[in-house]
Amino acid sequence: MSDMRNDPTSRLSTGRGTSGADAGTSAGDLGRPSLSPFDDLPTESFPAGRSGAPAEPSTSDAAATEILPTSGASTAGPAAPTPAAGTPSHRERDTKTGRGTLDLGLLALRLVVGGTLLVHGLQKLTGLWNGPGLDGFETLLAEGGFDQARALAVAGAVGETAAGVLLVLGLLTPVAAAGALALMINAWAFRQAAEPGLAYFAPDGVEYETLLGVCAGVLILTGPGRIALDGRRGWATRPFAGSLVLAVVGIAGGVALWIFLNGANPLV
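The rules behind these values
- Residues numbered from 1 in each chain as written.
- Predicted model: local features only at pLDDT ≥ 70, side-chain atom pairs only at ≥ 80, totals over all residues.
- Heavy atoms only, no water.
- Helix = DSSP H or I, 4+ residues; strand = E, 2+ residues; numbered from the N terminus.
- Buried < 20%, exposed > 50% of the residue type's maximum accessible area, 1.4 Å probe, protein only.
- Areas by Shrake-Rupley, 256 points an atom, 1.4 Å probe, with all protein chains shown as cover.
- Core = buried A, V, L, I, M, F, W, Y, C linked by side-chain atoms within 4.5 Å.
- Contact = heavy atoms within 4.5 Å.
- Patch = residues over 30% accessible without salt bridge, like charges linked within 9 Å, V, L, I, M, F, W, Y side chains within 5 Å.
- Salt bridge = Lys/Arg side-chain N within 4 Å of Asp/Glu carboxyl O.
- pLDDT = per-residue confidence, 0-100.
- Arc of directions from axis to C-beta.
- Phe/Tyr/Trp six-rings, centres within 6.5 Å; stacked < 30°, edge-to-face > 60°.
- Axes fitted to C-alpha atoms, helices over the stretch in contact; angles between N-to-C directions.
- Parallel < 35°, antiparallel > 145°, perpendicular 65-115°, else oblique.
- Left-handed = near helix turned anticlockwise from the far one by under 90°.
- Nonpolar A, V, L, I, M, F, W, Y, C, P; charged D, E, K, R; others polar.

1. Points about the overall build of the chain
Summing up its helical and strand segments, the chain has 11 helices and 0 strands in all. In the chain, the succession of α and β elements from N to C terminus is α-α-α-α-α-α-α-α-α-α-α. Taken across its 268 residues, the chain has 24% of its residues classed as buried. Here the chain has roughly 17,700 Å² of accessible surface; of this, 65% comes from carbon and sulfur atoms.

And the structure:
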């Protein structure tokens, strides 16, 4: 034993053994994770497929959940409706929905009213069919109390003839019918003033003048229909404010003409 203690070789061997044991221990320690003072704290679990700490939410993630408006829509409010391409015109709508025999009825009404005005106008203008002619018509107006009888005779005969032609053709129908209405108002008042009291039935009453005047007013409000030269115009099948204005103008013109150029009270 003393030899071994005194032998430097044995002391070297012993030192080496101790160092090897220490090295083994160190190697074993390297294979095992070292303990940390934070090991006892609870660990946070993350969803599968993601590693590391969660990233801060980005604005792109929030934007992905936002519902964007569809193309062409406005966030300020609903857009004003615009007519779709190929919207049918009023004429196409009338053709599609059908007007039945309405246009035939309006044609018949125009032919009767216009034809009657035409032949009576020619009687006054030219004397045809045992008519009075311009001279006889002027005398009739003067005896009835009209001022400016000559000018009224010419204007009345020409206007009645022209209104009849335009109504038959269905051309400028509301204007022609308004002129006919003004003429019939004066004819009604003239006939009524000639016979004291309210007389309606022919031959002394106002039956004829009333019928023609009302029919002229109806044509102003309905339009001529599609079987007319005005048939492609909007007011020919769908008259509105303009036709109502012309009806008022026709009535006002006829009343004003009677008041300022005759002045008699036709009701007494």
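2. So, the nonpolar core
One finds V113, L117, L167, A177, A180, L212 and I220 to be the most contacted residues of the largest nonpolar core, which totals 16 residues. Breaking this core down by element, the ones donating at least two residues are α5 (102-126), α7 (149-169), α8 (173-194) and α9 (207-222). It is α8 that provides the largest number of residues to this core, a total of 6 residues. Those residues in contact with I220, other than ones at most four positions away along the chain, are P174, A177, A178, L181, S243, L246 and A247.

3. Focus on a nonpolar patch on the surface
Residues V165, L169, L171, L172, V175 and L229 make up a contiguous nonpolar surface patch of roughly 490 Å² in combined accessible area. If you trace the backbone, V165 turns up in helix α7.

4. Describing the pattern of salt bridges
Throughout the structure, instances matching the rule amount to 7 salt bridges. E160 is the partner of K124 in a salt bridge, and the nearest nitrogen-oxygen pair spans 3.2 Å. Residue K124 is located in helix α5, and its partner E160 is located in helix α7; the two are separated by 36 residues in the primary sequence. No difference in accessibility class separates K124 from E160, as the two residues are buried. Taken together, the shared-partner salt bridges in this structure form one network comprising R99, D103 and R226.

5. So, the confidence of the model for the chain
Per-residue pLDDT for the chain has a mean of 76; in total, 64% of the residues score no lower than 70. For residues 71-76, every residue scores under 50 in pLDDT, and the model assigns this stretch 1 contact once sequence neighbours within four places are set aside.

6. Concerning helix α6 (residues 133-143)
Those residues of α6 that fall on the buried side of the exposure criterion are G133, F137 and L141. In a view along the axis of α6, the buried residues occupy a sector of 100 degrees, so they form one face of it. Along α6, exposed side chains directed more than 90 degrees from the buried face belong to D135 and E143. Looking at the buried positions of α6, the neighbouring elements they touch are α5 and α7. One or two steps after α6, the chain reaches G145, where phi turns positive at roughly 95 degrees.

7. Thoughts on the packing of aromatic side chains
All told, the structure shown has 3 aromatic pairs when counted by the stated rule. Judged by centre distance (5.3 Å) and plane angle (80 degrees), the rings of F146 and W258 are edge-to-face. With a gap of 112 residues between them, F146 in the loop between α6 and α7 and W258 in helix α11 (residues 241-261) connect regions that are remote in the sequence. By relative accessible area, which is 9% here, F146 ends up buried. Three or more aromatic residues joined by ring pairs make a cluster, and in this case those are F146, F190 and W258.

8. As for the packing of α5 against α7
For any two helices packed against each other, one specifies the inter-axial angle together with the distance between the axes. Viewed as axis vectors pointing N to C, α5 and α7 meet at an angle of 155 degrees, and their least axial separation amounts to 7 Å. Here α5 is positioned roughly antiparallel relative to α7, judged by the angle of their axes. Pair α5 / α7 crosses with left-handed handedness. Taking contact as the criterion, the partners of R110, L111, V113, G114, G115, L117, L118, H120, G121, L122, K124 and L125 in α5 are, on α7, A157, V158, E160, T161, A163, G164, V165, L167, V168 and L169. Within the contact of α5 with α7, the residues separate by chemical class into 13 nonpolar, 6 polar and 3 charged.

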